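A look at the structure
Chain by chain, the residues:
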Amino acid sequence: MAIESEVVVVGGGLAGGFAALAAAREGADVRLLSYKQSTLAQASGLVDVLGYAPDSDGPAADPFEAIPLLPDEHPYRTVGVDGVREAMAVFDEVTDRYRGAHTDRNALLPTHGGTIKPTARYPAGAAAGVASDDRDALLVGFEALVDFDAPHAAAHLEAAGVPFDVSGATIAFPGDLTADAKVTRYAKLLDEDTPVETPTGATRRARGALASAVEPHLDGAERVGFPAVLGDDDPAAVRESLAAALGVPVFEVPMGPPSLPGLRLEDDLYAALDAAGVSMETGNPVVDYEPDGDGASEGRIASVSIDRNGASIPFAADQFVLATGGLVGKGIGSDRERVEEPVFDCHVPHATDRYEWFDTDVFGDHDFARFGLPTDGDLRPLDARGGAEFENLRAAGSVLGGYDFAAEKSGSGVSIATGHAAGAAAAEAVR
Amino acid sequence: MRGFDVTLVEQGNLTHGTTGRMHGLLHSGGRYAVSDQSSARECIEENRVLRDIASHCVEETGGLFVKRPEDDEEYFQEKLEGCETCGIPAEVLSGAEARAMEPHLAEAIDKAIWVPDGAVDPFRLVVANAASAVEHGARVETHSEVTDLLVDNGEIVGVEVEHASGPGLRVHGTEGGREEIRADHVVNATGAWAGQIGDMAGVDIEVRPSKGVMTIMNVRQVDTVINRCRPKGDADIVVPHETTAILGTTDEEVDDPEDYPEERWEVDMMIDTLSELIPALEDARTIRSFWGVRPLYEPPDVGSTDPTDITRDFFLLDHDDRDDLPGMTSIVGGKFTTYRMMAEQISDHVCDRFGVDAACRTADVPLPGSEDFSVLRDYMDEFGLQSPIGRRSVERLGSRADEVLDTDGPNPVVCNCEAVTRAEVQDAIEGSGSDLNAVRIRTRATMGNCQGGFCAHRLAGELEDRYDEPTVREAWDELLQERWTGQRHALWGQQLSQAMLNYALHATTQNRDRDPADAPESVDFAAFDAGPTEAAERPGAGDTGVATDGGRDGD
């Protein structure tokens, strides 16, 4: 006997999370099926809406103004500017530690390679680092942390013409960390403010020892940036201690995987899902589905099944949301011959010759970056003839096609906006 | 080593041409034991020499010639006899014995011949040769293309080169320039490019460049070189190489060694045909493909139509005797395994010309990295490295491990896929300038599963101590493009997912595709959010659950 829900969401990333949240808030009984850790750990934790307008070289100051300029097949055109605003309002409500909602404008944030990038929302921990703030900055890197070279990042920011002076210093992180310590080890030392041995042989608590190591490099800087390792459980307290000791604000520079800001965002999302009463089933992949036997003209899905140690366990629902991710999250798969959506075998438009899937330039116009499902105006995936694949299936997030989130810097925003819209529409359809 | 004052010029990085684009097979000679026995004899001889003088570049994998039921039994026997005739140790194994050695071999394989094939790292080997030359007083100029031969009174008296970035180590942004290098004798050892050099002095050198594809798998399906035991054909070899296995190859004559099609059918053929030997290849992940151009040479009177019929032997062309043009000798044809023997012959030739008596010692003197090589000590503890990383570092560095790994300060891993530490990267930068592709071939950094997705920016960061920011940025972008070029031939399945992840990491998190620092127009910073107001950003707010700025003021 299948486990029954009103709405089943397949996929536990931003899109699936916001779909489940929207449906639950509309009063639906929701179950979220999530296989692996979401790709949020791979992301910097910055929440982009739209960083670049089409056919424009520079970053877009206002993402909401740029959305109507996007091509028709773009998922933002399906949900509309109001849909994006509505979803971002929910995001702002459930993620207290994010900033940027005070304005429609994008912020320019320094990232770990020293490039600045436009983004709509940023963690509070990164707020003092925005590049339009003209306070002089010091960036601090740690000798053994190869992902962030502070002097290089500082010089790179100056090359971009930032309106402040910025310098970089590399210091030894106090404490006996191995050369290959994970970012979580740094975070834990700071979270727990563990006593560590300083270079002079004295024993001090980690936060104070770190501040002392940074102090000689301050040289009039009005803010200090660190790689994003400043605490996992209580990053605000870590920043506050460092800021108090240094006498200037402290910020984190977003980094690549494994990304603590990305993991913190995932924590916030799961807390919100919990609070909204969403049931979760994690750790097993959805491998198959059962069509509804009613013989309606448009097909319906009766249930999906997960594979739990070889046993097939069905989850039945009235409405389904597919939010399994794109090529990275494996919501879109491929072999030498074709590109496919593995759970429902929804239609994925693509050239038959795989040599047409990419551009020869590393940052060229790649078809593969836009691989995904086309949908109707209600986010229902369309088959090759343009009809809905299933009457009760909607799709959200990077499983959708028709946009290149990496080039336009829109990944989180599309996931949040389409997730929210798909979840709300699913709940609506249940009633 | 024999007393000459020598300058080596190379148009790109060391190994830029064919050498860096080979399958990594150290031939036992078994492949030529039937069709080309003189090449086979040279191969086994040099195979033994290289195990000795370049042990840190060679992995003694052994090789198998495997036979499927449809492959000719008579040829199998000829192969066995050929090995015996050429002095190549060979041993017949049953299908079951072969599968016990290599469990992924197809059930259908009915027997095999074991031979002492090996795997060799061409990058490490060439860098060691160049380092040895420098130790002996040679000047080595990379990224220095020969633009002309200097001819005076009917004699070649030197070359004109174009330095991409000034003489010495390559540094991006350094102004290049032309240089005339005068020499008593010019050696043309440019392989598939030998004809182009000859053209500069109006002499015909009939190289017959032939392309071949190599497809790299992300893991080693086999630890032994697997050859198919049949007369000749495409897609008949798998060579284990470091963390990967390399499938090869095709053999198609091309007109221009720098401009030829890299075709889908070639990659498909590697996978489809070699799956007959190792079925697991069918669904395995490939990380990239690359093509090399064989520098085949055939005396003009032979006239082979099929490139697979052209000999793998090498030829010394004395242009004085041949073309009445003294001052230059070309060495053409041949193959990687016999590179040292080719060098010995041409050196003998030059010595003979100048009346130098010193004997060649390259077959006996170990290369840097293989001197007094014993890895019995516990390098891992000594250098504070985790054991698998320490082991791989020491394998790569050989006898140079002490010199390279003994550094002040922490020595974190920079490239996780290939376990390359900062010390190795810094050593490579010292040897090759700001060129991260040169660092790559010296260390293997970015050559694993992720193809630089997670470490390209780290390598850029490692340049920071010595080079300014624009130089670092240019080197970084050049590395990203180089890594992309080979991956394009592997874009399906898991590697397409990896490619999308890399693209997302680089374009999204690092905004490498639209870096404002690269843009001609500066950004109007004042048009963007300058951060929440002080009041909204009370210390401690936010992470503690107090919403302070959920409102929207519409700016």
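Residues numbered from 1 in each chain as written. Chains lettered and ligands numbered in written order. Predicted model: local features only at pLDDT ≥ 70, side-chain atom pairs only at ≥ 80, totals over all residues.

Moving on, we come to the overall build of chain A. Across its full length, chain A carries 10 helices and 19 strands. What you see for chain A is a C-alpha radius of gyration of 23 Å, in line with the 22 Å of a compact globule of 431 residues. Taking the principal axes of the C-alpha coordinates as reference, chain A spans close to 80 × 45 × 40 Å. Split into buried and exposed, the 431 residues of chain A put 59% on the buried side. Considering only intrachain contacts with a sequence separation of at least 6, the fraction spanning at least 24 residues in chain A is 68%. (Helix = DSSP H or I, 4+ residues; strand = E, 2+ residues; numbered from the N terminus. Rg over C-alpha atoms; globule rule 2.2 N^0.38 Å. Buried ≥ 20, exposed ≤ 12 C-beta atoms within 10 Å, placed from the backbone. Contact = placed C-beta atoms within 7 Å.)

So, on to the interface of chain B and chain A. In many analyses, interface size is given as the accessible surface area lost on bringing the parts together. Contact with chain B, which involves 73 residues of that partner, is made by 77 residues of chain A. At 11 residues, the largest contribution of residues to the side of chain B that touches chain A is made by helix H16 (residues 493-509) of chain B. Its residues assigned to classes, the side of chain B that touches chain A comprises 32 nonpolar, 21 polar and 20 charged. (Nonpolar A, V, L, I, M, F, W, Y, C, P; charged D, E, K, R; others polar.)

Right, let's talk about the domain arrangement of chain A for a bit. By domain assignment, chain A separates into domain 1 (3-99 + 262-430) and domain 2 (136-248). The centre of domain 1 of chain A, based on its C-alpha atoms, is set 37 Å off from the matching centre of domain 2 of chain A. (Domains from an automatic or database assignment.)

With that settled, the discussion passes to the sheet that holds strand S11 (residues 177-182) of chain B. All names here are of chain B. Strand order in this open sheet of 3 strands is S9-S10-S11, and the pairing throughout is antiparallel. Strands at the two margins of the open sheet, each flanked by one partner only, are strand S9 (144-152) and S11. Each strand axis lies, on average, 25 degrees off the axis of its neighbour in the sheet, ignoring direction. Pairing geometry for strand S10 (residues 155-163) and S11, over 6 bridges, is antiparallel. Among the inter-strand pairings, Gly158 is bridged to a residue of S11, identified as Arg182. (Pairing = 2+ DSSP bridges. Axes fitted to C-alpha atoms, helices over the stretch in contact; angles between N-to-C directions.)

Now for the domain arrangement of chain B. All names here are of chain B. Entries for chain B in the domain assignment read domain 1 (1-24 + 121-208 + 296-373), domain 2 (59-118 + 210-294) and domain 3 (379-517). If you average the C-alpha positions of domain 1 and of domain 2, the two centres end up 30 Å apart. At the interface, 11 residues of domain 1 touch 18 residues of domain 2. Within the side of domain 1 that touches domain 2, the residues separate by chemical class into 5 nonpolar, 4 polar and 2 charged.

Okay, the environment of Ile216 of chain B next. Tracing the sequence through the fold places Ile216 of chain B in strand S13 (residues 210-217). Note: C-alpha distance between Ile216 of chain B and Ala245 of chain B (29 residues apart in sequence) is 5.8 Å.

All names here are of chain B. Pairing within the open sheet is mixed, and its 3 strands lie in the order S12-S20-S19. Whereas interior strands pair on both sides, the edge strands pair on one side only; in this sheet they are strand S12 (186-188) and strand S19 (314-318). For this sheet the average axis-to-axis angle between neighbouring strands, irrespective of direction, equals 15 degrees. Summarising the sheet, S12 and strand S20 (residues 328-333) pair through 3 bridges and their orientation is parallel. From the neighbouring strand, Val186 faces S20, where its bridge partner is Met328. Docked against the sheet, helix H8 (residues 339-353) engages S12, S19 and S20, running at close to 160 degrees with respect to S20.

This part is about the nonpolar core. By size, the foremost hydrophobic cluster in this structure holds 252 residues, and its most contacted members are Val9, Val10, Ala19, Ala23 and Val321 of chain A. Those residues in contact with Ala19 of chain A that sit more than four places away from it in its chain are Val9, Val321, Ala323, Ala396, Gly419, Ala422 and Gly423 of chain A. Core analysis: the next-biggest nonpolar cluster, separate from the first, contains 27 residues, Val146, Trp193, Ile197 and Val207 of chain B among them. (Core = buried A, V, L, I, M, F, W, Y, C linked by C-beta atoms within 7 Å.)

Bringing the confidence of the model for chain B into the picture now. Averaged over chain B, the pLDDT score is 90; the fraction of residues at 70 or greater is 93%. Low pLDDT, under 50, characterises residues 535-555 of chain B; the stretch is placed with 40 contacts to residues that sit more than four places away or in other chains. (pLDDT = per-residue confidence, 0-100.)

What follows concerns the environment of Ala179 of chain A. All names here are of chain A. Residue position: Ala179 is located in the loop between strand S8 (166-171) and helix H5 (183-192). With 20 C-beta atoms counted inside 10 Å, the residue Ala179 sits in the buried group. Distance in space between the C-alpha atoms of Ala179 and Glu143 is 8.7 Å, their sequence separation being 36 residues.

What follows concerns the environment of Gly27 of chain A. Residue and element names in this part refer to chain A. Among the secondary structure elements, Gly27 is positioned in the loop between helix H1 (14-25) and strand S2 (30-34). Its 12 C-beta neighbours within 10 Å are what place Gly27 among the exposed residues. Here the alpha-carbon distance between Gly27 and Thr170, two residues 143 residues apart in the chain, equals 52 Å.

Only one face of S8 of chain A is covered, namely the one carrying Val166, Gly168 and Thr170 of chain A; the face carrying Ser167, Ala169 and Ile171 of chain A has none of its residues buried. Considered for its hand, the β-α-β crossover made up of strand S7 (residues 137-142) of chain A, helix H4 (residues 150-159) of chain A and S8 of chain A is right-handed. (Right-handed = clockwise from strand over helix to strand, strands pointing away.)

All names here are of chain A. For H5, the full list of buried residues reads Tyr186, Ala187, Leu189 and Leu190. Mapping the buried residues of H5 onto a view down its axis gives an arc of 160 degrees, with all of them on the same face. Buried residues belonging to H5 abut strand S9 (195-197), helix H6 (206-214), helix H7 (235-246) and helix H8 (260-275). Immediately beyond the C-terminal end of H5, within one or two residues, lies Asp193, with a positive phi of roughly 50 degrees. (Arc of directions from axis to C-beta.)

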